[in-house]
Structures are given as C-alpha cells and as structure tokens.
Amino acid sequence: MGRWWAVALSEAVQGDKALAVTCEGEQLAVFRDGRGAVFALEDRCPHRRVPLSPGPVKPAGLQCPYHGWTFDGATGLCNDIPNLRRDERVPARYAARVFPASEANGFIHVWRGKGTPAAELPGASYRAAGREHTGSAVANIAFEQYLDVMLDGPECLLSFPSVHITDFFLGDARRDGGHLVLDRGAVWKGKGNGPAFVRDHSLWVRTRVPLTGGDIRVELLSADEDPLVTIFIAASENRRGTTSLVWRGFLHTAPAPLSWRWRMARAIGRAPFAIFPHIDGAAVAALEVAPSRDRRLAKTDASTPAERVVPVQERCAV
Amino acid sequence: MSEVPMMDAAGREAEVTSKRDWVPINLDLRDTWFPVAYSADIGERAVRRIVHAQDVYLWRDGGRLYAAEFRPDRLEAMRAGASTFTNGSGFYPAVERYGYIWAWYGNPDNAHEELIPNIPFLPPDGQGIPRYTQRAVRFDAASPLSVENLIDLTHADFLHANAIGDSQSENDVVEVHSTSETVTRIRNVTRKSVAPVMRWIGGVRAQYQDLRAVLHVHLRNNVCISYPNFTPGYPIPNVQPFVPVGKHRSRVDQTNYTVHAPAPFRWLMPRISYVIQPQDNSVLRPQNARYFESTERRDLSSRFDGPGNRYRLLMVRLAERQQRGDFGYGADADPSADISAVLGMRG
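Reading the values: the criteria
- Residues numbered from 1 in each chain as written.
- Chains lettered and ligands numbered in written order.
- Predicted model: local features only at pLDDT ≥ 70, side-chain atom pairs only at ≥ 80, totals over all residues.
- Heavy atoms only, no water.
- Contact = heavy atoms within 4.5 Å.
- Buried area = accessible area lost by both parts, 1.4 Å probe.
- Salt bridge = Lys/Arg side-chain N within 4 Å of Asp/Glu carboxyl O.
- Polar contact = N/O pair within 3.5 Å; in protein donor to acceptor, adjacent residues only side chain to side chain.
- Helix = DSSP H or I, 4+ residues; strand = E, 2+ residues; numbered from the N terminus.
- Nonpolar A, V, L, I, M, F, W, Y, C, P; charged D, E, K, R; others polar.
- Buried < 20%, exposed > 50% of the residue type's maximum accessible area, 1.4 Å probe, protein only.
- Pairing = 2+ DSSP bridges.
- Domains from an automatic or database assignment.

*Asks:* Sorry, what's going on with the interface of chain A and chain B here?
*Replies:* Many structure descriptions define interface size as the accessible area lost when the parts assemble. Between chain A and chain B, the residue contacts involve 33 residues of the former and 50 residues of the latter. Summed over both sides, the interface between chain A and chain B buries roughly 3400 Å², with carbon and sulfur atoms accounting for 46% of that surface. Between chain A and chain B we count 10 salt bridges in total. The shortest N-O distance in the salt bridge between Arg71(B) and Asp224(A) comes to 3.6 Å. Put simply, chain A and chain B have 16 residue pairs in polar contact (both at pLDDT 80 or more) between them. When residues in the side of chain A that touches chain B are grouped by element, the largest group, three residues, is from strand β14 (residues 163-169) of chain A. Taken together, the residues of the side of chain A that touches chain B sort by class into 16 nonpolar, four polar and 13 charged.

*Asks:* Just to check I follow, could you spell out the pairing of strand β17 (residues 203-210) of chain A for this structure?
*Replies:* A regular strand places its side chains so that they alternate between the two faces of the sheet. All names here are of chain A. Across the eight residues of β17, seven count as buried, placing the element largely inside the fold. With eight bridges connecting them, strand β16 (residues 179-188) and β17 associate as antiparallel partners. Residue pairing in the sheet places His179 in a bridge with Pro210 of β17. Direction of pairing for β17 relative to strand β18 (residues 215-222): antiparallel, over a ladder of six bridges. Note on β18: the bridge partner recorded for Val205 is Leu220. Two successive antiparallel strands, β17 and β18, enclose a turn made up of four residues, where Gly213 displays a positive phi of approximately 90 degrees.

*Asks:* Which parts of the structure should I look at to understand the domain arrangement of chain A?
*Replies:* Residue and element names in this part refer to chain A. Domain boundaries in chain A define domain 1 (3-118) and domain 2 (126-313). Relative to domain 2, the C-alpha centre of domain 1 lies at a distance of 33 Å. Residue-level contacts link 16 residues of domain 1 with 19 residues of domain 2. For the pairing of domain 1 and domain 2, the buried interface totals around 1300 Å² over both sides, and the portion due to carbon and sulfur atoms is 55%. Our count for the contact surface shared by domain 1 and domain 2 stands at eight residue pairs in polar contact (both at pLDDT 80 or more). The element best represented in the side of domain 1 that touches domain 2 is strand β1 (residues 3-9), accounting for six residues. Taken together, the residues of the side of domain 1 that touches domain 2 sort by class into seven nonpolar, six polar and three charged.

Put into structure tokens, the structure is as follows:
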C-alpha cells in the first residue's frame, strides 16, 4: 500500500519553474499549472532520460529542456514533440511516470506506492496559529536513523534557542495511532544547577515520530503543557543515505512567563527553533539506542505492531 | 596473574539468575507505594511525575492532596479514560509520610498504609526535615539496574574514589539477608581509608575509620534505606527511592538525613550527589542499553556480587509470582515493621 509524503513547501513551487525533490530515493519534478494545481512527474524524460525539472512549465505541461517534449501533469502523457510534421501524432503510450499530488496547510504531498490515494494528508494535522518559520534541507543522515534519533536525541537534529533539551525521558514512548510520542525534560539555559538536578523540568519537548512515513511533529511545551512552539517536519529518504527535510513551525502566544533571552530574541524576529541540515556524526554515534527500540520493534513486527509497544495498563509483570 | 573463577554461592546464584534471562528493564512490579515527590514540592500548581511510564499528577486544593492520572484542568474531560490503577476514578490512593508523597501503583483495593516502608530515622509526619537534606537526581537507567548499582559495593571504590574513598582496608566482609520482599546488605569494613568528603568537610582527622554500612532494599518499589555508620565519624542515614520512570530512566528523590552530623558537613554532604550521580550515569547509560540485547553471554560474578545476585534472583521470583496473578505479600514480609535493629542504629 502506498502513502502520501510531504515533499515540498507550497511557496517553493511557483510560476513557470519546476522543483526537483527526492522522496523515498526517487527523484521527482513538482510543478503547478496556470491555475495553481500541483503535479508531480518522475524527474526523468522517457525520451533520453534527462531530468525534467530544469525545463520550463508550459500551458500544456512540463517541457523537457533537452528536446522540448512536453508532459501533462495530470496524466503524464506526452502531448508535444517539437518538429513533428502536422500529420504526425505523439504515440499514446508516450508518457512520463506520474504521481498523484495534493496540497494542504503549506505542504505539497506526493502519493507513492500502490492503491488509491488516501483522503487524509500528513500535513493536514498541521495548523499554523502564529508567525511561521519555514525551510528545507537535505540532512547528512539516513532517513530511518533520522526518525530514530528524533526519539533518542532530538537535540542532535534541532534546537530551541536558550533551551537545553535533556535526555531524561518522561516515561516511555507511547503509541498514538501510527506514531510514537515521547516527552523529555528541558530547561532554560543559564538557570539553576544544571538540567540533571532540577526538581521538575521547566519545559518539555514532545516528539511525535511515525512508525512508517515521514511526518514528524515536535513541540516545546511549558511545564503546564501549554505549547510554546510547534514544528512539523516532513522527512523522506533522499539518495546516498541522506534525508530530505521540509518544515514549517510557529510560535504560540505564550501563556507562561518566559526567559528574558527568549522574549528578546523573539522581539527582534529570530526564529524560535532551528533544524540542522548538518548533523554531528559524533553526537549521533554517541547516542544510546533507547526509545527508538520501540519504533524498530513495531516496524519489524508489522503484523501486530500495536502489541509490541504495549499500552501501560496492559503490561504484564515480566 | 592467574584467573580465579570464583564459582561460590554467589556465582551459582548468578548462573541460576542468568538462565532466567535477567532483563531489569521489564520488571513492572505492582501493588506497592512509590514515593513520587517530596511533600514540600507539591503546592496548588499541578506537578507531573511518572511511575512505570504512567502519569501521576500531584497538587493540593484547599489543603487536600490529590494524585491523579490527568491534569486537574483535564480530569473531568478525561476521566472516562481512567485506568484500573485508579479503579476508573482517575485518582490514585496517596499518603504523606516521612516527607514524601506516596502514591499507590497497583490495584487500589489493596492499598493499605501499613505497606509503606518503615524509615526509622525520619519523622513519620515529615515535620522538621530540612530541605538541604533533599536532593532529586535522575539516573540514566531503569530502576532495577540503578538499584543494582547501589547494592554493588566495589564500584564505589573506583567510580567514586575521589569522593567516597579508595578500596584500601584491613578487612571487608559482606553479608546478605533477604525476605520475599527485601534484600539487606551489610558491609563491615575495618581500617578503611577515611573518605575524602568526610576528611575535608566532616572533621574526621584520623587516617582510617571503620564502617558498618547497611542497605535495606524493598523490591517492589525500589526504596533503598541506607545506614552507613563511620567510626570515628557518624552515621549518614539516607533514603534513595528509585522511582521507575520508564525502561530507560529512573528518578530518585533522596533524603540524606545528615541533621546530626557536624556543620558544614551536614549541609554539604547531600550535595555530593552532584558529583556521584554523573559518575554513575557514565556507566549506567551504556549498561542499560546493553540489557535490551538478547544474548547468550551470561554476566560473570565475583563473591562481591552476592547481594546483587540475590537481588536479581528475588526480583525475578517476585515478578514471576505477579505474572501468575499473585500480588499479595508473603508471611515473611512486613514493610512497616521497625527496621532500626536491622539498620544497626545507635541509641
């Protein structure tokens, strides 16, 4: 069965240019028609295998930059081969591979795999309620590792300015549908005896990581569980052990008193979070495999995934 | 240097235990009280604590203490999802004693106050316990593994040598006693090098001192009651309750009851956890991860591991008993019995 992947920010696909993206290791060309509808084709001209994405978007579709063959976004069919005589037709079987595409809440999604595209898009769960900060990157870490590290040590992958993210997990990862959710303590930098010795953490970081797919949600919460920052990160497998990332996030209207450094930085417009494109390999290698074990177990036992991450109330004694 | 296989009783016990596949991360023992917070830490604002990956929210309202599965502002909306741990009410049984809030983990119908462990050196009503004696620390391991670390005698001479002292002594004898619910380790050391912390801030100028250290461990809730008595010197009674946060972490709200020690030792000694705890975590963190791995390679043991191996064996037995549906306390178990004599308290 296939699935939707968020592969691009909506604003990154505009005008008469296509955007090259990579999803599950496959290179795609994403573009819009004149009415703004989004389409995704394999980034490979079936004529001479040239990438389509550098070509211009024409009224009839995406035009290959090499020989001008043009492909319809909805069907992938080649509808124009320049220089054909008037009495010549493009053979009906000439087409680029096409992928269903859809858009929601600032993300462009592509359906990959078999089956009828599902109605719900991963990005549908994201609703910005404040000034947004967005971006995209290719991170130097493999996709599955990216998801695991997001559970074991998200401080290797992102940061919140003035915030020290600890690795004190508040309980174990808990199953929420097709995701694992894990809370960990965090503290404001420069306060107290250090994060290991505070009675109760003043902040929490909640990571919501998929068992399959790439939609990640990270939240910075106050101790009263009021959200301060929400980030939606769409990850997917890129080539050569790297990971494609696109993200949107926003700052909530803070209900709780925050540190003066945090307030100052926000007042001058600095982003309330940073996503790292360059991952510290030594830091990742030093992480012990901890909550991500539950994710790997659930993935490898796909027939009974819910039973491997046992709900709290049903755990047995041994 | 020859290899000395020390296959005495401790070694055989270890072998029996390892055959049972000791996996400390999975021991979820029930029907017990957990000291989830210092009483003094809980006011009207709800605080979240966690036992076996299960939320326990604590707060006071109108002077009354509440321990619930959900935040107070969400309690009504979420009460329908309350678990059997609260009989569907959303509220855990909770009691205040010895300066702690004890929350019941298990069947609420079995929550009896006499199952709260006796701590003879602390005032039962918690009155007068100075805040300087209370330090919360976090361990990067599941509770049973953290408790093993505490039971383990010989690691301190190496990992904590700069604070606690080296392994030099004239004689070092270890005894271990147990019931179905407790393990008691007694260590008698004669002419041990005086611990640096006691020499430099404790006023003990002698070169050597004798030590009688008793550690009484309650298996279900990992409450460790310790009474190390130094001569010359003084006792440093302490409580270290390893509350299981999850499979990877535990939390300890320590009480180092140093009120009878001279100043400034009584104030400074509880802060030694700032030194000790990172040292322990440096080994516990990778150790915990490795106990998730299924392996045929059994842990090796020396005679010094006797108490730890007894602990492993008893934990497995208790867990197996609970797995069969038996959550009761045996005839040899009485958590509230006075353990002053067990600890060897003076006076």
